[in-house]
Amino acid sequence: MTQQSIDELIIEGIRDRKGRNITIVDMSDIEAAPVAKFIIAEGTSSMQVGAVADSVRDYVQRHGDIKPYNYDGYGCSEWIVVDYGDVMVHIFVPEARRRYCLEELWSDAKITDIPNLD
């Protein structure tokens, strides 16, 4: 059995709680980028955003034995970020995702949209 990459573990954690509209922003070829990748997803409500972020943290630790360096945003749960060093996970409610448009901030990055399961 092959070991899953952290990207795959994060995506499975997102999907486990029905997170949607997953996008990978690969900035690994951009010198000024703060990290190698953003993995961005959304939940339908602040409650679901919190559940998706919890699921990512639990899934990655359980299946990859990797703990995040930090996480933040649980106060209002409109935007939660989970920091895995070179990979930052951003879980948004749809309105906040449209407001901040992280994908557009790094327009020279490689953008990959992951299909929803349903």
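Scroll up a little and you will see the structure.
Keep in mind that what you see is a predicted model, and the values were worked out from it rather than measured. Every chain's residues receive numbers from 1 upward, in the order its sequence appears when written. The predicted origin of the model limits local features to residues at a pLDDT of at least 70 and limits the giving and counting of side-chain atom pairs to 80 or more, whereas totals for whole chains, interfaces and linings rest on all residues. Values shown for side chains rest on all heavy atoms present in the structure; no hydrogens or waters enter the calculation.

A. Focus on the overall build of the protein chain. Here a helix means four or more residues in a row that DSSP labels H or I, a strand means two or more in a row labelled E, and each is numbered from the N terminus. Assigned secondary structure in the protein chain consists of four helices and six strands. Ordered by position from the N terminus, the helices and strands of the protein chain form the series α-β-β-α-β-β-β-α-α-β. Atoms counted for the radius of gyration: C-alpha only. Globule rule: 2.2 Å times the number of residues to the power 0.38. In summary, the protein chain has a C-alpha radius of gyration of 13 Å against a globular reference of 13 Å for 118 residues, a match within 12%. Overall, the C-alpha framework of the protein chain stretches about 40 × 30 × 30 Å when taken along its three principal axes. Three exposure classes are used, based on accessible area relative to the maximum for each residue type with a 1.4 Å probe and protein chains only: buried under 20%, partly exposed in between, and exposed over 50%. Looking at the protein chain as a whole, 46% of its 118 residues are labelled buried.

B. Up close: the pattern of salt bridges. We define a salt bridge as a contact between a side-chain nitrogen of Lys or Arg and a carboxyl oxygen of Asp or Glu at a distance within 4 Å. Tallying each qualifying case throughout the model produces five salt bridges. A salt bridge links E103 to R97; the shortest N-O distance between them is 2.6 Å. Its relative accessible area of 9% is what places R97 among the buried residues. If you follow the salt bridges from partner to partner, you end up with E42, R97 and E103 in one network.

C. Quick peek at helix 1 (residues 6–16). If you check which residues of helix 1 are buried, you get D7, L9, I10, I11, G13 and I14. Positioned one or two residues after helix 1, K18 has a phi angle of 65°, which is positive.

D. Structural detail: the environment of K18. Assignment of secondary structure puts K18 in the loop between helix 1 and strand 1 (20–26). K18 sits in the exposed class, given a relative accessible area of 62%. Residues K18 and G43 lie 25 residues apart in sequence; the distance between their C-alpha atoms is 7.6 Å.

E. View of the side chain of H90. With respect to the helices and strands, the residue H90 is situated in strand 5 (residues 87–92). Beyond its immediate sequence surroundings of up to four residues, H90 is in contact with F38, I39, I40, A41, W79, I80, V81 and L102. Note on definitions: a residue-residue contact is assigned when non-hydrogen atoms from the two residues lie within 4.5 Å.

F. Focus on the sheet that holds strand 5. Spatially, the six strands line up as an open sheet ordered 3-4-5-2-1-6, and their pairing is mixed. Strand pairing shows two members of the sheet lacking a second neighbour, strand 3 (70–72) and strand 6 (110–114), which therefore form its edges. Neighbour-to-neighbour, the strand axes of the sheet open up by a mean angle of 15°, direction not taken into account. Pairing geometry for strand 2 (residues 37–42) and strand 5, over six bridges, is parallel. Along strand 5, the bridge assignment pairs F38 with M88. When DSSP finds two or more bridges between a pair of strands, those strands are recorded as paired. Only the stretch in contact is used when fitting a helix axis, every axis being a line fitted to C-alpha atoms; angles between N-to-C directions are given from 0 to 180 degrees.

G. Seen up close, the side chain of E42. Here E42 shows up in strand 2. Aside from chain neighbours lying at most four places away, what touches E42 is G19, R20, N21, F92, P94 and R97.

H. The arrangement of the environment of T112 in detail. For T112, the location among the structural elements is in strand 6. A residue is classified by how much of its surface remains accessible, and T112, at 30% relative accessible area, is partly exposed.

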